[in-house]
Protein chains: 2
Amino acid sequence: MFWDRFPIIKEEIIEFEDYLQGSLVSRQPLIQEAISDLAKSGGKRLRPALLMITAKFGEYKKEEVWSLAAALEILHMATLIHDDIIDDADLRRGSKTAQSKYGKGVAVFAGDYLFTLTFDILAGKATTEQLKQVSKVIQQICEGEIQQHQDRYNISVSYKDYFKRIKRKTALLFEGSCALGAGSAGLSKSVVRNLSHYGRYIGMAFQLVDDLFDFSKKSSCIGKPEGNDFTQGIYTLPILYSLYEIDSANRLKKLLDNSVDNNQEIKEIITNNGSLDYTMGVATDYINKAKSKLKGLAGHSYQEILIDLADMVVDRDY
Amino acid sequence: MFWDRFPIIKEEIIEFEDYLQGSLVSRQPLIQEAISDLAKSGGKRLRPALLMITAKFGEYKKEEVWSLAAALEILHMATLIHDDIIDDADLRRGSKTAQSKYGKGVAVFAGDYLFTLTFDILAGKATTEQLKQVSKVIQQICEGEIQQHQDRYNISVSYKDYFKRIKRKTALLFEGSCALGAGSAGLSKSVVRNLSHYGRYIGMAFQLVDDLFDFSKKSSCIGKPEGNDFTQGIYTLPILYSLYEIDSANRLKKLLDNSVDNNQEIKEIITNNGSLDYTMGVATDYINKAKSKLKGLAGHSYQEILIDLADMVVDRDY
C-alpha cells in the first residue's frame, strides 16, 4: 500500500475508507453501482491524507477533518467521472470507466450526484469561507478542463498555458486539501498559507509526473493506455518542450498531424531528446519549493511525513 | 411576455434578469459563451418568480431573495445542459443545445460550472438548512434522470414510477423555490409547508402538461420536435394510460417496438383514445390541490397571483 511507510497515516486511511464508503450512498441502484465501482477501484486517497496530515499540525478535530476529507475525495471522484466523459476514456485504474460502462448520459448524472454529495456534506460541516473555497476550486477545475479541451491539437500552447492548466486540473485541489486541513486546526494564517502552498506545489509535481507516465511503460500501472494524451491532442510538457527547444521540432510537428499512427515514433523522439528529463527536473523543482514551505514547521513529526510524501510524488510508479 | 398579467412581478423579473446575467460569469471564454447562450435563449424564470412571490407573503428581504432566486435558476440551467446530454437533444427553446454546439464533453463541464456557481452563491447567502434542502433536491433530480434513462423502452413502468419520476425531475425544484422563498420571509412553519406543497403540485401539473406537448402541435413552440419523448423510449402518462386502460394496447405495444417509424400512427392512437384528456384531467387535479393549499392566505394580494399562476400552468402554449 502507498501508505506503508507511514503506519500512523495508513491506519487512519484504512479506517477512513469505511467512513468514505458509508458516505457514498444512493437509493438509485445504478448510481449506487457506479459510485461503488469507482470507490472500490481504489486510489491512494492522497487528498484526504493531505487534509488529515496538515490538520495534525494543530488541534485535530477528527469529525470535522473526516467530513471535509470525505467531501473532497467525493469531489475528486466526481471530476474523474466527468473527466472520463470529456476524454472519452474507456479505462481508469484498469477498470471500465462509468462513461464506457453506462454511457455518457448516466455518467453525467452519476458525477452530478457526487458533486452534490460533496456540498451536502460540506453544508453541515464547513464554514461559509470553506464552502466558497471549494466552490472556487471546482470552478477552476471546470474552466481548466474546458481550456484543455479547447487547446487540443494546438501546437502553439505556451508553457504558461500548460502550467495554468495543470494548476487548475490538479494542483488547486491538493492546495485546497491542505488549506482546509490546516484551516480546521486553528493554525496561524502564515502556517495555513505555507501548508497550502506545499499542497499546490506537490500537486503541480504530481501532474507533471502523471504526464510523464504517458511516455513510459509505467502507464500500464495506472490502467490507461500509453500515449493516451498526445494521441488525443493533449500536449503536455514533454511535447511542448520538444516543440520549442529541440532541433527535431519540425519532424515532430509532422508526426503529430497523425499522432495515432505515429504513436511509437513520437514516443521514441520524446524519450530520446531529453524532454522527459527536463520535465522531471521541473517536477523536482516543484518538490523542492514544496519542501521549502515546511521550514517553519521543523521538529514537528508530521513535517517529516510531508517531506517524505513530497519525494514520493516524484518517485512513484502508480 | 408570460408575466404580462402580473405587472408587479413582470417588473421585478425584468430587473432580476440583469442581476441573473451578472451572476453568470466565467473567465473561460467557451463557458461564458455556453452559459450566455442559454441565458439569452430565455425561459420564463418561473422558479425565481415563485421564490419572489412566496417571499412576499412575509418580510421581503430582496437581496436574500434575489440571491436564492439566481442560485435556483442557475441550478435549473445546469440541469438543462446535462439533461440535453442524457437525452442527446439538439434543440431547446428553438436554439442549439450546448451538447450539440460544443460536444458532450464541454457541455458536461459547462453544466458543472453552473452547479458550482449555484453553491458559490448559496454559500454566502443561504443557511445550512437551505443548503441541505438544495442538495437533496439536486440528488433527487440526478436519481430521477438516471431512473428515467433506465426505464426507457420499458412498457411495464407503473403510474407510481411515472409520478415519482416527474416529482424528482420537475416538481421538487418548484417546491424548493417556494420553500426557500417562504422560508426566507419568516413565515410560520405551516404557511411554509402549504406554499411548498403548492409549488410541488403546480410542478407536477407543469410536467404533465409538458409531457402532453409531446403529442400536440404546440411542441414546436417549445422548440423541440414532436414525439421526442416516446421515440426515445421515455413513456409518459398518455402512453402509460393507453397501455393500461385502452383496448388497443396490443397494437400500441407493437408500434412502440419501432416508435420512430410509427411516430405518426402512435400519435394518432394517443390523440384519439382519450389519453390526452385523462392526462389533462390529472394535471387539473394537481392544480386544484395546489390552490387548496392557499386557502389560509385568502385576502392576501399575492394569493390571487398564485391562483392565476396555477391556472396558467395548465392553460399554456409555451
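The text that follows walks through the structure, step by step, so that each part is easy to find. This is a predicted model, so every value here is computed, not measured.

Conventions adopted
- Residues numbered from 1 in each chain as written.
- Chains lettered and ligands numbered in written order.
- Predicted model: local features only at pLDDT ≥ 70, side-chain atom pairs only at ≥ 80, totals over all residues.
- Heavy atoms only, no water.
- Helix = DSSP H or I, 4+ residues; strand = E, 2+ residues; numbered from the N terminus.
- Rg over C-alpha atoms; globule rule 2.2 N^0.38 Å.
- Buried < 20%, exposed > 50% of the residue type's maximum accessible area, 1.4 Å probe, protein only.
- Contact = heavy atoms within 4.5 Å.
- Buried area = accessible area lost by both parts, 1.4 Å probe.
- Salt bridge = Lys/Arg side-chain N within 4 Å of Asp/Glu carboxyl O.
- Polar contact = N/O pair within 3.5 Å; in protein donor to acceptor, adjacent residues only side chain to side chain.
- Least-squares fit on C-alpha atoms with pLDDT ≥ 70 in both.
- Phe/Tyr/Trp six-rings, centres within 6.5 Å; stacked < 30°, edge-to-face > 60°.
- Lys NZ or Arg CZ within 6 Å of the ring centre and 35° of its normal.
- Core = buried A, V, L, I, M, F, W, Y, C linked by side-chain atoms within 4.5 Å.
- Axes fitted to C-alpha atoms, helices over the stretch in contact; angles between N-to-C directions.
- Parallel < 35°, antiparallel > 145°, perpendicular 65-115°, else oblique.
- Left-handed = near helix turned anticlockwise from the far one by under 90°.
- Nonpolar A, V, L, I, M, F, W, Y, C, P; charged D, E, K, R; others polar.

1. Re the overall build of chain A
Helix and strand counts for chain A stand at 15 helices and two strands. Here the C-alpha atoms of chain A give a radius of gyration of 20 Å, agreeing with the 20 Å that 2.2 N^0.38 yields for 318 residues. Projected onto its principal axes, the C-alpha positions of chain A cover 55 × 50 × 35 Å. Relative to its full complement of 318 residues, chain A shows a buried share of 61%. Within chain A, counting contacts between residues at least 6 apart in sequence, those at least 24 apart form 74% of the total.

2. Details of the interface of chain B and chain A
Listed as interface residues are 42 residues of chain B and, on the opposing side, 41 residues of chain A. Interface area for chain B against chain A, summed over the two sides, is near 3700 Å², with a carbon-plus-sulfur share of 68%. The tally of links between chain B and chain A comes to six salt bridges. One salt bridge in this structure joins A:Lys132 and B:Asp120, with 3.5 Å as the shortest N-O distance. Taken together, chain B and chain A are joined by 17 residue pairs in polar contact (both at pLDDT 80 or more).

3. Some remarks on the relation of the copies chain B and chain A
Note on the identical chains: chain B maps onto chain A by a rotation of 180 degrees and an axial translation of 0.0 Å, with an RMSD of 0.0 Å. This pairing of chains is accounted for by a two-fold axis. Ranked by how close their C-alpha atoms come to the rotation axis, the residues of chain B are headed by B:Val108, at 3.4 Å. The fraction of interface residues of chain B whose copies in chain A are also interface residues reaches 98%, indicating that both copies meet through the same surface.

4. Section: the packing of aromatic side chains
Enumeration over the complete set of coordinates arrives at 27 aromatic pairs over all chains. When the centroid spacing of 6.3 Å and the interplanar angle of 50 degrees are considered together, the rings of A:Phe163 and A:Tyr286 count as tilted. Separated by 123 residues along the polypeptide, A:Phe163 in helix α8 (residues 159-184) and A:Tyr286 in helix α14 (residues 275-292) bring together distant segments of the chain. Between B:Phe174 and B:Phe206 the ring centres are 5.3 Å apart and the planes differ by 40 degrees, which places this aromatic pair in the tilted class. Note that B:Phe174 is positioned in helix α8 (residues 159-184) and B:Phe206 in helix α9 (residues 189-213), a separation of 32 residues in sequence. Across the pair, B:Phe206 and B:Phe174 agree in class, each one buried. Members of the aromatic cluster, each reached through a chain of ring pairs, are A:Tyr162, A:Phe163, A:Tyr201 and A:Tyr286. A cation sits over an aromatic face here: B:Lys56 above B:Tyr60, 3.8 Å from the ring centre. Over the face of the ring belonging to B:Trp66 we find B:Lys62, whose NZ or CZ atom lies 4.5 Å from the ring centre.

5. Structural notes on helix α15 (residues 301-314) of chain B
By the burial criterion, the buried members of α15(B) are B:Tyr302, B:Gln303, B:Ile305, B:Leu306, B:Leu309, B:Ala310, B:Met312, B:Val313 and B:Val314. Buried residues along α15(B) sit in contact with α1 (7-23), α3 (46-55), α9 and α14 (275-292) of chain B.

6. So, the nonpolar core
Core analysis: the largest hydrophobic core is formed by 223 residues, its most contacted members being A:Tyr198, A:Leu309, B:Tyr198 and B:Leu309. Those residues in contact with A:Leu309, other than ones at most four positions away along the chain, are A:Phe2, A:Trp3, A:Phe6, A:Leu46, A:Leu50, A:Ile53 and A:Tyr198.

7. Considering the environment of A:Met1
Residue and element names in this part refer to chain A. Along the chain, the position of Met1 falls in the segment before α1 (7-23). As for Met1 and Lys44, which are separated by 43 residues in sequence, their C-alpha atoms are 8.3 Å apart. Among residues more than four places away in sequence, those in contact with Met1 are Lys10, Ile13 and Ile14.

8. Some thoughts on the packing of α9(B) against α15(B)
All names here are of chain B. α15 packs onto α9 with a crossing angle of 20 degrees between their chain directions and a minimal axis gap of 8 Å. Looking at the two axes, α9 sits roughly parallel to α15. Viewed along their axes, α9 and α15 form a crossing whose handedness is left-handed. Residues Leu195, Tyr198, Ile202, Ala205, Phe206 and Val209 of α9 pack against Leu306, Leu309, Ala310, Val313 and Val314 of α15. Class assignment for the residues of the contact of α9 with α15 results in 11 nonpolar, no polar and no charged.

The values reported here are purely geometric and, on their own, carry no functional implication.
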